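Below, each chain spelled out in residue letters.
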Amino acid sequence: MVKKHVLNAETELYCLIGKPVSHSLSPLMHNYAFRKLGLNAVYLAFKVNEEKLQEAVDGLKALNIKGANVTIPYKTSVIKYLDSVEETARRIGAVNTIKNSDGVLSGYNTDWSAAVELLKEKLNTFRGVNALIIGAGGVARAILYGLIENGVNVTVTNRNLDKAEAMVNEFKTIFKNKTECNTIPLTDIKKEISRFNIIINATPVGMTPNINETPVNPDYLTSKMIVFDTVYNPLETLLIKKAKRIGCPVIEGYRMLVKQGVLAFKIWTGIQPPAKDMERIVYLKLKAEASQINKSV
Ligand code: NAP
């Protein structure tokens with residue numbers, strides 16, 4: 001039973017900073033968790049213009065906002081305004097979670113750990129595992145970090161291959177060649193794909209409204225491959241649909257979205273939130289949005 005949410009003079013505030021934020025599902029899942037746990041706290045989304053980012057971050061201190069998430073396009077640029085940044089987030093070069101401890105702002109990244117935790121649910125071990133990441137942007141960086149950290153061999157492919165190569169070289173230096181890490185052009189996917197145990201889409205390909213696109217030809221997939229699509233809108237991308245049909249274990253993007261939120265909640269409050277319920281509420285919201293779209297088409 002979810003308790004009534006009563007706001008008063010002692011309510012603690014948490015928030016999202018980004019632009020745009022109106023589509024965000026973070027207020028839904030965090031407010032649900034606060035209510036369910038009976039915590040006197042509320043989560044709001046703030047659309048912040050770039051020139052106001054520093055003022056917004058300083059405002060967290062001024063208003064004693066207990067914690068924040070940071071989203072596109074500020075995950076990197078926010079770092080310079082924080083008092084400290086966890087080593088992992090510094091290496092990834094992105095912060096998605098801020099904790100305010102008595103006026104000291106610390107930055108964390110929970111995207112990488114969310115991805116790793118979800119993959120751990122599908123695999124007994126990461127030893128000898130080969131992953132293909134498609135994409136070389138922010139989310140690819142976080143996942144690449146998590147995979148190398150856990151001993152996975154990773155190949156990155158990207159539309160702009162130079163970008164992928166620069167990212168891979170940077171991480172090879174950071175991790176001192178801890179695992180095998182390289183790049184391939186998109187055109188080599190067909191001939192290389194059979195050696196991968198995990199295929200990860202870290203591009204927006206397949207996202208609404210382009211729901212008939214896939215980042216890789218699904219005909220290349222085999223049932224032994226774990227298919228992880230970071231795209232969460234639609235709930236089930238064409239890549240995920242096809243992978244399920246083939247019999248691949250799949251990880252849908254909404255599960256990563258929820259998991260990074262669950263990990264952020266734990267950092268802010270020290271309390272394990274009701275993760276399964278949060279996942280369900282986000283799932284239902286995305287499903288309702290999908291049926292609205294279907295009705296209007
Ligand atoms: P980003 O930094 O802008 O990077 C986008 C990446 O996708 C780049 O590698 C880009 O290639 C590639 N790309 C973009 N459009 C493409 C296209 N039409 N065809 C092929 N490649 C394309 O974005 P990001 O922050 O990494 O986010 C990427 C996606 O991840 C988002 O769209 C979102 O769906 C998903 N995401 C999910 C979560 C979650 O929690 N589930 C969190 C964050 C992001 P170039 O380098 O060649 O431009």
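Residues numbered from 1 in each chain as written. Predicted model: local features only at pLDDT ≥ 70, side-chain atom pairs only at ≥ 80, totals over all residues. Heavy atoms only, no water.

Let us look at the packing of helix 5 (residues 138-149) against helix 6 (residues 161-174). Orientation of helix 5 relative to helix 6, taken along the N-to-C sense of each, is 35 degrees, at an axis distance of 11 Å. As helix 5 packs across helix 6, the resulting crossing turns out to be right-handed. Judged by residue contacts, A140, R141, L144, Y145 and I148 of helix 5 engage M167, V168, E170 and F171 from helix 6. Taken together, the residues of the contact of helix 5 with helix 6 sort by class into seven nonpolar, no polar and two charged. (Axes fitted to C-alpha atoms, helices over the stretch in contact; angles between N-to-C directions. Helix = DSSP H or I, 4+ residues; strand = E, 2+ residues; numbered from the N terminus. Left-handed = near helix turned anticlockwise from the far one by under 90°. Contact = heavy atoms within 4.5 Å. Nonpolar A, V, L, I, M, F, W, Y, C, P; charged D, E, K, R; others polar.)

Most of strand 6 (residues 104-108) sits inside the fold, with four of its five residues counted as buried. One ladder, built from two bridges, connects strand 4 (residues 84-85) with strand 6; its direction is parallel. Bridge pairing in strand 6 places S84 opposite S106. With five bridges connecting them, strand 5 (residues 97-101) and strand 6 associate as antiparallel partners. Bridging from a neighbouring strand, N100 pairs with L105 of strand 6. Count of turn residues in the strand 5/strand 6 antiparallel hairpin: two residues, of which D102 carries a positive phi of about 50 degrees. (Buried < 20%, exposed > 50% of the residue type's maximum accessible area, 1.4 Å probe, protein only. Pairing = 2+ DSSP bridges.)

As far as domains go, the protein chain holds domain 1 (12-109) and domain 2 (112-254). Inter-centroid distance (C-alpha atoms) of domain 1 to domain 2 is 27 Å. Contact between domain 1 and domain 2 buries roughly 690 Å² in total, counting both sides, with carbon and sulfur atoms accounting for 55%. Taken together, the links from domain 1 to domain 2 amount to zero salt bridges. Taken together, the connections running from domain 1 to domain 2 amount to three residue pairs in polar contact (both at pLDDT 80 or more). Grouping the constituent residues of the side of domain 1 that touches domain 2 by class yields two nonpolar, three polar and one charged. (Domains from an automatic or database assignment. Buried area = accessible area lost by both parts, 1.4 Å probe. Salt bridge = Lys/Arg side-chain N within 4 Å of Asp/Glu carboxyl O. Polar contact = N/O pair within 3.5 Å; in protein donor to acceptor, adjacent residues only side chain to side chain.)

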